[in-house]
Amino acid sequence: MAKKIQAIIDNKKITADKDQTILEAAKKNGIEIPALCYHPDLDIKSNCRICVVEIKGVPDLKPACRTVIKDGMKIITNSSKIRKARKINLELIFAQHYEECNDCVWNFNCQLLKLAKKYNVKIARFPDRKTDFPVYQFGPSLIFDSSKCIDCRNCVDICKKQGIGFLEIKKRGYKIGIVPSKDKNKDCIYCGQCIVHCPAGALEAVGEFEEVEKPLQQTEDKIVIAQFAPAIRTSIGEEFNMPYGALITKKLAAGIKKLGFDKVFDTSVGADFSTCEEANELIERLKSKEKLPMFTSCCPAWVKYIEFYHPEFIPNLTTVRSPHIILGGLIKTFWAKREKIDPRKIVVVSIMPCVAKKYEITRSELKINGLTPVDYVLTTRELAYLFKKHKIDLKKIKGQNLDDPLGFPSGAGVIYGATGGMIESALRTAYEKLTPRQNKFGAGQSGKKLLKLSFGQVRGMEGIRQAEIKMNSQLIRVAIVNGIGNAQKILKELKKKPNLYDYVEVMACLGGCIGGGGQPVPTDPEIRKHRADGLYRADKAKKMRLAHENPIVKRVYKDFFTLQKIHLICHTKYQRKKREGFKILPKGAH
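Visitor: Looking at this structure, I do not really get the pattern of salt bridges. What am I missing?
Guide: The tally for this structure, following the rule as stated, stands at 31 salt bridges. Residue K4 is joined to D17 by a salt bridge in which the shortest nitrogen-to-oxygen separation is 2.5 Å. Of this pair, K4 sits in strand β1 (residues 4-9) while D17 sits in strand β2 (residues 12-17), and the two are 13 residues apart along the sequence. Salt-bridge contacts for D41 lead to R528; the nearest nitrogen and oxygen are separated by 2.8 Å. Of this pair, D41 sits in the loop between α1 (22-28) and β3 (52-55) while R528 sits in helix α15 (residues 525-541), placing them 487 residues apart in sequence.

Here it is as structure tokens:
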């Protein structure tokens, strides 16, 4: 246990841990100190100097984010000297930040604007020095407007922490700028962590705000269907002043319907199908002892990372498609046939916590009979923007059920949104397939009932977790990884010890999908935990918690699927990827 110390902040006695900074101690004690460049995921840089405070006996102002609190310290967070310093620093920050407030991921929660109002800042006191700075686009997923960059370097640091290093610092001093790398050995994997760690809205998803209504502007002969990912239901409420982790599945469905979508389905149902196929594939690989360990593939940023940086591991990726791609395929095959609708008239919109999904839907190998399973991807932020534009308040709206038959998932499908959820879901199903009793269900054979449905060993927020799961007489060694930087460590281990694991789950984003690049801002460890807890509550409340016991899964396997259709709809292939790099856009083109 960390040693406790006593200090005084603004005449209030507080208790803090010995090694805490003033900023951390203040936050823990409910005292607000403004900060822009600080983020708990990253090393402290104290670049913005907005968090400066006075310490009795110390002549100069000190950054609260970097200064360690000490026993007996007396701290002032608001004085004329502090206000003057913060105001000047803010005016200098605005001099390197091109304002485009209506088109910003922080539009409804902008710390810069709040601080400008609080400290009576003259936003245009100094001329913008970055008006000629370029706008970059990274593939079909990200936009970086360097004229909005305040040089906090958070994007560079998180990109480096992810082990990618695609964003780099150019020059120093007043000429400093952030640029994408020209190194042919580096490429963006579209995880979007730069977006949720940028305090100034310099980074956003492609299409964010500009084209979000395009799916709803289809001609009258189109059927527009929305599906939303597991992680959305416990994160989008934050945009409407609901508590972190608030579970609002039915309200979300009602809001989407009010926007004009014809049907609303749940991507968690697609996750149930992913689970069944992945459990089957895992069992086959364990039996043959080939292509082990098996890697999950539902995270497109992770898949691109393997294809570009480590193609030698491509055979280890499971061939199972990601849940929203499987569900999109089922909508345009199974559901279209059931409803007697020409699949060419169906438009599928996936609402995702992830900007890499915008890249994923462009993969030509995912097409089914010439059609893309998913036509558009909107992020959580984009959907929230649409709701607000159309004055739909999720806090007040009356909830409604999702549509039959693809709107009712198992609890196993819902927990996909949290790190470890995918592997736990697959283990629940694999257990019943690896035990002796042989009864047919779904796609394969079942055995003993799993009495304890939660695998606590694989849950948590640590970057790397390892566990050994005993199933009958077989011991399955698993690793759960979130953050590509942590995945690099696992790959390094596997090069030395190829038989170290049987099954590895990797999510590119911190915390898994609940911390995705398309999620509401801010996103930090505490917020990610609340979002994940909400998903586990949803799973626990379900009567149906096993993917293979979902009635729609059973029906599709029994009445619709053939081996050919399973391969066509549920499986894919991968290949070595060339660098896609970036392009420079005309100013205002995005």
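Back to the text.
Visitor: Explain helix α14 (residues 484-496) to me, please; I cannot follow it from the model alone.
Guide: Since there are 3.6 residues in each turn of an α-helix, residues three or four apart along the chain are aligned in direction. The end-to-end C-alpha separation of α14 is 19 Å, in line with the 18 Å expected for 13 residues at 1.5 Å each. Of the residues making up α14, those classed as buried are I484, G485, N486, A487, I490, L491 and L494. Those residues of α14 that are buried are in contact with α4 (154-161), β13 (294-295), α8 (300-309), β18 (464-471), β19 (474-482) and β20 (503-507).

Visitor: Help me understand the pairing of β20, please; the structure alone is not making it clear to me.
Guide: Within β20, 5 of the 5 residues are buried, which leaves the element mostly enclosed by the surrounding structure. In terms of strand pairing, β19 meets β20 through 5 bridges, oriented parallel. Bridge pairing in β20 places V481 opposite V506. Read as a crossover between parallel neighbours, the route from β19 over α14 to β20 is right-handed.

Visitor: Quick question: what am I supposed to make of the sheet that holds strand β5 (residues 74-76) here?
Guide: Note: strands within a sheet are paired through backbone hydrogen bonds, in either parallel or antiparallel orientation. Taken in spatial order, the 5 strands line up as β2-β1-β5-β3-β4 in an open sheet, and their pairing is mixed. What marks the edges here is a single partner per strand, and that holds for β2 and β4 (62-63). As paired strands, β1 and β2 are joined by 6 bridges and run antiparallel to one another. When the sheet's bridge partners are listed, I8 is paired in β2 with K13. Docked against the sheet, helix α2 (residues 80-94) engages β3 and β5, running at close to 155 degrees with respect to β3.

Visitor: Would you mind showing me how to read helix α16 (residues 551-559) here?
Guide: Every buried residue of α16 is accounted for by I552, V553, V556 and Y557. Each buried residue of α16 lies within a common arc of 130 degrees when the element is viewed along its axis, so the set occupies one face. Exposed residues on α16 whose side chains face more than 90 degrees from its buried face are K558 and D559. In this fold, the buried residues of α16 make contact with α7 (267-288), α9 (323-339) and α17 (563-570).

About the thresholds
Residues numbered from 1 in each chain as written. Predicted model: local features only at pLDDT ≥ 70, side-chain atom pairs only at ≥ 80, totals over all residues. Heavy atoms only, no water. Salt bridge = Lys/Arg side-chain N within 4 Å of Asp/Glu carboxyl O. Helix = DSSP H or I, 4+ residues; strand = E, 2+ residues; numbered from the N terminus. Expected span 1.5 Å × (residues − 1). Buried < 20%, exposed > 50% of the residue type's maximum accessible area, 1.4 Å probe, protein only. Contact = heavy atoms within 4.5 Å. Pairing = 2+ DSSP bridges. Right-handed = clockwise from strand over helix to strand, strands pointing away. Axes fitted to C-alpha atoms, helices over the stretch in contact; angles between N-to-C directions. Arc of directions from axis to C-beta.

Coordinates in, geometry out; function isn't part of it.
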